[in-house]
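Survey of secondary and tertiary structure
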Amino acid sequence: MEHTAQISNRGGRWRLYVVLLGVPVSQWPEHDFGPTAAVPTPAERSRALAGLGFVFTEGAEWEWTEYGETLDDDASPVRLVASVRVCSRDGGAA
């Protein structure tokens, strides 16, 4: 079963999490990279996902999206979120 993993920054902390449909957000697997301004490298993200029990699906690549913190306000701060397709390391639903 495939899932979407995302990474985003809020309050100076990069967090990676795996979206599990039908599961409360509070129970999604998550990795906190700690306080850092630097975007975690692809290798760091891969290690974090492996630690959560997930691997990239074949051919998966990170895709970055930007969005305004305040809807319809092009002067509001921009937030970045990246996503990638993953699956459980053991092939289960996770």
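Keep in mind the model is a prediction, meaning the values are calculated, not measured.

**A word on the overall build of the chain**
Of regular secondary structure, the chain possesses 1 helix and 6 strands. Start at the N end of the chain and walk to the C end: the helices and strands fall as β-β-β-α-β-β-β. Considered along the principal axes of its C-alpha atoms, the chain spans approximately 45 × 25 × 25 Å. Counting only residues that meet the buried cut, the chain has 29% of its 94 residues in that class. Sequence-distant contacts in the chain: of pairs separated by 6 or more residues, those separated by 24 or more amount to 50%. Here the chain has roughly 6000 Å² of accessible surface; of this, 52% comes from carbon and sulfur atoms. For the chain, the distance from the average position of its 8 positive side-chain charges to the average position of its 13 negative side-chain charges is 9 Å.

**Focus: a nonpolar patch on the surface**
Taken together, the side chains of Val39, Trp64, Val78 and Leu80 define a hydrophobic patch exposed on the protein surface, amounting to about 330 Å² of accessible area. Structurally, Val78 is set in strand β6 (residues 78–88). Judged by relative accessible area, which is 47%, Val78 ranks as partly exposed.

**A look at the pattern of salt bridges**
Scanning the entire structure with this criterion turns up 6 salt bridges. Arg15 is paired through a salt bridge with Asp32; the nearest N and O atoms lie 3.6 Å apart. Residue Arg15 is located in strand β2 (residues 13–19), and its partner Asp32 is located in strand β3 (residues 30–35); the two are separated by 17 residues in the primary sequence. What makes Asp32 partly exposed here is its relative accessible area of 31%. Three or more residues joined by partner-sharing salt bridges are found here, namely Arg13, Arg15, Glu30 and Asp32.

Scoring rules and cut-offs
- Residues numbered from 1 in each chain as written.
- Predicted model: local features only at pLDDT ≥ 70, side-chain atom pairs only at ≥ 80, totals over all residues.
- Heavy atoms only, no water.
- Helix = DSSP H or I, 4+ residues; strand = E, 2+ residues; numbered from the N terminus.
- Buried < 20%, exposed > 50% of the residue type's maximum accessible area, 1.4 Å probe, protein only.
- Contact = heavy atoms within 4.5 Å.
- Areas by Shrake-Rupley, 256 points an atom, 1.4 Å probe, with all protein chains shown as cover.
- Lys, Arg positive; Asp, Glu negative; His and termini not counted.
- Charge placed at Lys NZ, Arg CZ, Asp CG, Glu CD.
- Patch = residues over 30% accessible without salt bridge, like charges linked within 9 Å, V, L, I, M, F, W, Y side chains within 5 Å.
- Salt bridge = Lys/Arg side-chain N within 4 Å of Asp/Glu carboxyl O.

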